[in-house]
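Breakdown of the fold
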Amino acid sequence: MLRLDSRCDPNQLRSVRLRSAERDTLRARQGLERALAAVDWSLSELPPNALLLVRKLQTMSHSMAAFGPRVAQALREQQRYAKRPWRDDGAASADAVWFDEGELAACLIRDWLRGHVSQRWWWRTVLGRAAVDEWLREQVLGRGQHVAATLNLLAPNGDAAAWLSRLHDGDARRALTALARDYDAPLALAFAAAPETAKTATIQTSVASGSYEAPHRPHGAGSGVRSEPDASRRTSPSRRDDTRLLAALPELRNEALRPTTLRLLAFALAVVREPGWLRSASFADAVTRWTQSCTAVAPTKSLLPPPASAPASNWQPGNTTPLVAPTATGETIASPVHAIQSAAADAARIVSEAPTPPMFDSSAQPNSEPAAKRGKRKPSPAPIAAQSGAGTDRPACVMASKSAASAALEPATATEPVRVEAATDVEPAPPETTPQTAFNAGGVQIDSDYGGLLYLLNAALALELYGDFSMPRARGLALSPWNWLALIGEAWFGAEFRRDPLWRLLADLAGRKPQQAPAYDFVAPLAWAIDEAWLQPWDAAETVAYHAGTRRLRLWHPQGFVLADLPRAASTPAVQAADWCTQRTALRETRLVRMPQAPAPSPRQRNRRWLHYLLSYLEARLARALAVDDGDIPTLVCRHRAQLHCNLVDVEVRLSLDALPLCLRLAGLDRDPGWIPAAGRSVRFRFV
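Residues numbered from 1 in each chain as written. Predicted model: local features only at pLDDT ≥ 70, side-chain atom pairs only at ≥ 80, totals over all residues. Heavy atoms only, no water.

**Regarding the pattern of salt bridges**
Enumeration over the complete set of coordinates arrives at 23 salt bridges. Between R84 and E103 there is a salt bridge, with its nearest N and O atoms 2.5 Å apart. In this pair, R84 is assigned in the loop between helix 2 (64-81) and strand 4 (96-99) and E103 in helix 3 (residues 103-114), connecting sequence segments 19 residues apart. Comparing R84 with E103, the two get one shared label, buried. The closest approach of N and O atoms between R639 and E496, which form a salt bridge, is 3.1 Å. One end of the pair, R639, is in the loop between helix 20 (633-638) and strand 17 (642-646); the other, E496, is in helix 16 (residues 495-498), with 143 residues separating them in the sequence. The partly exposed category is assigned to E496, whose relative accessible area is 39%. A single network of salt bridges, built from pairs that share partners, joins D650, E652, R654 and R684. (Salt bridge = Lys/Arg side-chain N within 4 Å of Asp/Glu carboxyl O. Helix = DSSP H or I, 4+ residues; strand = E, 2+ residues; numbered from the N terminus. Buried < 20%, exposed > 50% of the residue type's maximum accessible area, 1.4 Å probe, protein only.)

**A look at the nonpolar core**
Residues L454, L456, W482, W484, L502 and L555 are the most contacted members of the largest nonpolar core, which totals 86 residues. Dropping the residues within four chain positions of it, L502 is found in contact with I446, S448, Y450, L453, L454, F497 and L644. L53, A180, Y183 and L278 belong to the second-largest nonpolar core, a separate cluster that totals 73 residues. (Core = buried A, V, L, I, M, F, W, Y, C linked by side-chain atoms within 4.5 Å. Contact = heavy atoms within 4.5 Å.)

**Details of the packing of aromatic side chains**
Scanning all chains against the criterion turns up 20 aromatic pairs. Ring centres 5.2 Å apart and planes at 85° place the aromatic pair Y183 and W675 in the edge-to-face group. Here W675 lies in strand 19 (residues 674-676) and Y183 lies in the loop between helix 8 (169-182) and helix 9 (186-192), a separation of 492 residues in the sequence. The class for W675 is buried, based on a relative accessible area of 9%. When the ring of F267 is compared with that of F283, the centres are 5.1 Å apart and the planes differ by 90°; the resulting orientation is edge-to-face. Of this pair, F267 sits in helix 11 (residues 259-273) while F283 sits in helix 12 (residues 281-293), placing them 16 residues apart in sequence. For the residue pair F267 and F283, the accessibility class agrees, reading buried in each case. Three or more aromatic residues joined by ring pairs make a cluster, and in this case those are W528, W534, W538, F561, Y613 and Y617. Looking at R244, its charged tip hangs above the ring of W277, at a distance of 4.3 Å from the centre. (Phe/Tyr/Trp six-rings, centres within 6.5 Å; stacked < 30°, edge-to-face > 60°. Lys NZ or Arg CZ within 6 Å of the ring centre and 35° of its normal.)

Dropping the structure here:
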């Protein structure tokens, strides 16, 4: 069985057949293992983190020294001519195939729905002795990243709904839990906690009366909140969210989906299409209202056997009673069906008028082979599997049976046929109009002059503005990390940055339109106050300057950044400033100096003022980390020519090692940020 988490052992040889005059089998095997360890297994011809499957790799060599280079050359040749099954219908006849991130599971599900698993030679190696449902349970459903990528790839052609309609509720809840964990969506956890009839935490919303209390995110340590429409200005408080939900996720109209699978599909698709809205209470409420308004029809009986540990579902086919589902505030939704139908009509109009993004290549979508043309193909030998290990220096782990100076690498004949289960009765129909993203077309690749801007993700993680893989539930900024980067790039470089392809890519990653402001759904906290941990890089300040206006009190650090911007208290400015400083260890012994005039006026607009204070601190912090007293910090950090490759799971930034300033490396800004739940991507840097 091929495992999706096999990066620790990226190169696998299923079997090796050797021809040699050497009679000492052990000696021959050791010689071949040494030769294979020196082979360059990197997949330079394919995108980063691609998976290559080769049916047969054969080479001839009369010396052990030349054997390794010949194998590497043969592998490069296979890369050049390898077919991509997700986009190429003729891949079944190819000797080598490759998959981008997320495509392997999507291709397997698509072939299983159409009964093609036994006709594709590569599934023998991928599945091993496991059935399709067993492999999906073990390799996909417990990993939120794979679940989101798979469903987003399958959705445009209707295969996502076709698969979910046959998925057991226990498996759906497990996948929803994985999504909530990996993408920092705690509201999704309540949906996956227990069967619907056992849930008691619900939300009360009266669509008929129009009363609505907009849920919001707590301020926390300067986290801000996501903007919500003012209830007093809305005639129908829920209709706007319902319309937005169906416009972005029209696949939810599928009547074959049960409540659990509807929620799973909604959260998985929103990861890519509405990442900023995904974590809000209004999104969870809209999903609940839509689920309750649907009069479910009996779906096709699941072809997947229930997992041994999964609890039984209490859902009954044909049950038209609205199901209780959890949301933000713990009450019950009362949502008339006619209100949802009105929202559905609005959503249909919005989707029909929405243009397809220019970066989406509609010709790249896979075409389904008609059932009439399905033919039986002779089972093919198992392939050699190699996974791209770009950017790593780990040696290949090789298992071989024999060895010789002259060897041919080819698979042994399988003695047991692979167990497959095909749903041959499924011919999924795609929805009338499905919102497309650039990432569904197989990834996006751009060249940018501001590739170093992504170094700031490491700064954001160090400041705990966002949580990384080690603390996925950390409550950070209520602003997408991609929008955070766009705000900084725009503030530092202006119109020149907006013309760079990176501006458009950041908008796509954040799920917004390029013409929208990066902070369109963000409301900064009213007060600014530096956290004590942010002062640790500096010694205790000897003096702190402060200025009191008619309504605000501001304090400045000796390095020039604003420590606090607070509303005036009833006490005198000096007492208020002293009280604030005594709450921080590094400022308890400081001497306060009153300034008759403020050094520079602060922006009056709330978000701009917050960004101004953040950038003043960020520049001071970067200057200290880089040991640069004088210089253009934004240019030093951000202006680096780079090539970015993005898909539904990863963002890889390729930069020149020769152009990398040594101070950036010493400061640790070039390390791989890894998985960032709030960003919904794993980010890594590759230097060439």
